[in-house]
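What follows is the residue order along each chain.
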Amino acid sequence: MQDIYLQTEQEAPASLSRVARLRLHEAVVERLRNSIIEGALAPGVKLNERELCETLAISRTPLREALKVLAAEGLVDIVPNRGASVAEMSAAEIREIFELMSGLEAFSGELACARIRPDELAELKALHYAMLACHARQDLPGYYAKNRQIHDSINLAARNSALRQTYLTVNRRLQALRFRSNYQPAKWEKAIQEHSEMIEALEARDGRRLSEILRRHLLEKRDAVLQLGATHRAAGSE
């Protein structure tokens with residue numbers, strides 16, 4: 001992790017101190033969130049406050065504030081008197097949350113086909129090609145960032161605020177798992193193919209087809225994550 005640096009309150013004008021604190025808080029949350037999503041902080045790992053403070057060059061207060069945000073997102077577990085650790089889901093929890101997200105994404109796709117604007121579709125296609133470029137470079141973090149934007153844009157294009165809030169809440173818990181679902185080259189290639197099919201369905205305004213693609217896409221991610229977990233458990237028992 002790179003150091004995060006902002007002026008301290010003593011160095012900054014009083015009128016800017018609250019802004020500085022807010023920016024520091026947001027920067028810490030984003031750095032830790034990305035570390036969890038990309039696997040630098042693995043599921044179940046105990047989060048050592050002293051080490052994190054030294055790595056990020058911050059005090060304990062902004063760190064603890066950031067951990068509370070990540071706990072609300074389901075990425076971190078905080079146990080009184082025992083500290084924080086990276087959240088770890090059981091196989092049953094993984095299965096259930098992916099099944100729920102598959103339904104949310106399928107509904108988003110169906111509505112988006114009816115409601116997406118031409119400029120939004122053009123932006124989605126640009127994101128798709130940028131994602132393909134990341135895949136060609138084998139840049140998984142870059143690929144995932146574009147992938148996440150694509151799924152988010154489809155949900156936004158659905159123009160349903162209740163669906164939006166539910167999607168955001170559920171997806172926060174899934175980010176690290178979605179990232180890991182592309183660790184296997186064959187699974188990653190399949191995901192690329194399905195994303196091309198998504199763009200085709202959007203262009204055709206075929207809500208039923210896009211709904212089916214997105215549901216299958218998420219369930220295949222579920223299977224990939226569960227298979228990866230089973231493989232790791234088997235290797236650990238040997």
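Above this text you will find the structure in question.
Structure report, in brief. This one's a predicted model, so the numbers in the text were calculated from it and none came from an experiment.

Points about the overall build of the protein chain
Along the protein chain, the regular secondary structure elements total nine helices and three strands. Its helices and strands in sequence order give the protein chain the pattern α-β-α-α-β-β-α-α-α-α-α-α, from N to C terminus. In the protein chain, once contacts between residues fewer than 6 apart in sequence are set aside, the share between residues at least 24 apart is 73%. As presented, the protein chain carries roughly 12,700 Å² of accessible surface, and 51% of it is formed by carbon and sulfur atoms.

Some thoughts on the environment of Val45
Note that Val45 resides in the loop between helix 1 (14-37) and strand 1 (46-47). Accessibility expressed as a relative area gives 32% for Val45, which makes it partly exposed. C-alpha separation for the pair Val45 and Ser85, spaced 40 residues apart in sequence, amounts to 5.4 Å. The residues contacting Val45, other than those within four sequence positions of it, are Ser85 and Val86.

Considering the pattern of salt bridges
In this structure the tally under the stated criterion is 19 salt bridges. Measuring nitrogen to oxygen at the nearest pair gives 3.0 Å for the salt bridge that ties Arg117 to Asp119. Judged by relative accessible area, Arg117 falls into the partly exposed class, the value being 40%. Among the charged side chains, a network of salt bridges with common partners joins Lys190, Glu194, Glu197, Arg216 and Glu220.

A closer look at the pairing of strand 2 (residues 76-79)
Where strand 2 and strand 3 (residues 83-86) come together, four bridges link them in antiparallel fashion. Across the sheet, residue Val79 finds its bridge partner in strand 3, namely Gly83. Taken together, strand 2 and the strand that follows it, strand 3, pair antiparallel across an intervening segment of three residues, in which Asn81 is found at a positive phi of about 70 degrees.

Considerations on helix 2 (residues 49-56)
Taken together, the buried positions of helix 2 are Glu49, Leu52, Cys53 and Leu56. End-on view of helix 2: buried residues confined to an arc of 100 degrees, all on one side of the axis. Here helix 2 starts with a cap whose side-chain oxygen sits 3.0 Å from the backbone nitrogen of Arg50, and that cap is Asn48. Where helix 2 terminates, the next one or two residues include Ala57, which has phi positive at roughly 55 degrees.

Re the pairing of strand 3
In the sheet, strand 1 pairs with strand 3 via two bridges, with the strands oriented antiparallel. When the bridges of strand 3 are listed, Leu47 appears paired with Ala84.

Topic: the packing of aromatic side chains
For the coordinates displayed, the defined rule picks out three aromatic pairs. Between the aromatic rings of Tyr144 and Phe179, the centroid separation amounts to 5.5 Å while the plane-to-plane angle is 75 degrees, which identifies the pairing as edge-to-face. Of the two residues, Tyr144 sits in helix 6 (residues 140-157) while Phe179 sits in helix 7 (residues 161-180), which places them 35 residues apart along the sequence. The pair formed by Tyr144 and Phe179 is uniform in burial state, with each residue classed as buried. Ring centres 6.1 Å apart and planes at 90 degrees place the aromatic pair Phe179 and Tyr183 in the edge-to-face group.

Quick notes on the packing of helix 4 (residues 91-115) against helix 6
Where helix 4 meets helix 6, the closest approach of the two axes is 7 Å, and the angle between their N-to-C directions is 60 degrees. Crossing handedness for the pair helix 4 and helix 6: left-handed. Only His151, Ile154, Asn155 and Ala157 of helix 6 make contact with helix 4, whose side of the interface consists of Glu105, Ser108, Gly109, Ala112 and Arg115. For the contact of helix 4 with helix 6, the per-class residue count stands at three nonpolar, four polar and two charged.

Quick notes on the sheet that holds strand 2
With antiparallel pairing, three strands are arranged side by side in an open sheet as 1-3-2. Each edge of the open sheet is held by one strand with a lone partner, namely strand 1 and strand 2. Taken strand by strand, helix 3 (residues 60-72) contacts strand 1, strand 2 and strand 3, and its axis lies near 115 degrees from that of strand 2.

Here's the deal with the nonpolar core
Ile116, Leu124, Tyr143, Ile150, Ile154, Leu202 and Leu210 are the most contacted members of the largest nonpolar core, which totals 25 residues. Sequence-distant contacts of Ile116, defined by excluding residues within four places in its chain, comprise Leu121, Leu124, Ala157, Arg159, Leu202 and Arg205. In terms of nonpolar packing, the next biggest core, distinct from the first, is built from 20 residues, Ile36, Cys53, Ala66 and Ala84 among them.

Some thoughts on the side chain of Asn171
Along the polypeptide, Asn171 turns up in helix 7. On the basis of relative accessible area, Asn171 is assigned to the buried category, the value being 8%. Contacts of Asn171, omitting those with residues within four sequence positions, involve Met101 and Arg178.

Parameters and conventions
Residues numbered from 1 in each chain as written. Predicted model: local features only at pLDDT ≥ 70, side-chain atom pairs only at ≥ 80, totals over all residues. Heavy atoms only, no water. Helix = DSSP H or I, 4+ residues; strand = E, 2+ residues; numbered from the N terminus. Contact = heavy atoms within 4.5 Å. Areas by Shrake-Rupley, 256 points an atom, 1.4 Å probe, with all protein chains shown as cover. Buried < 20%, exposed > 50% of the residue type's maximum accessible area, 1.4 Å probe, protein only. Salt bridge = Lys/Arg side-chain N within 4 Å of Asp/Glu carboxyl O. Pairing = 2+ DSSP bridges. Arc of directions from axis to C-beta. Polar contact = N/O pair within 3.5 Å; in protein donor to acceptor, adjacent residues only side chain to side chain. Phe/Tyr/Trp six-rings, centres within 6.5 Å; stacked < 30°, edge-to-face > 60°. Axes fitted to C-alpha atoms, helices over the stretch in contact; angles between N-to-C directions. Left-handed = near helix turned anticlockwise from the far one by under 90°. Nonpolar A, V, L, I, M, F, W, Y, C, P; charged D, E, K, R; others polar. Core = buried A, V, L, I, M, F, W, Y, C linked by side-chain atoms within 4.5 Å.

The values reported here are purely geometric and, on their own, carry no functional implication.
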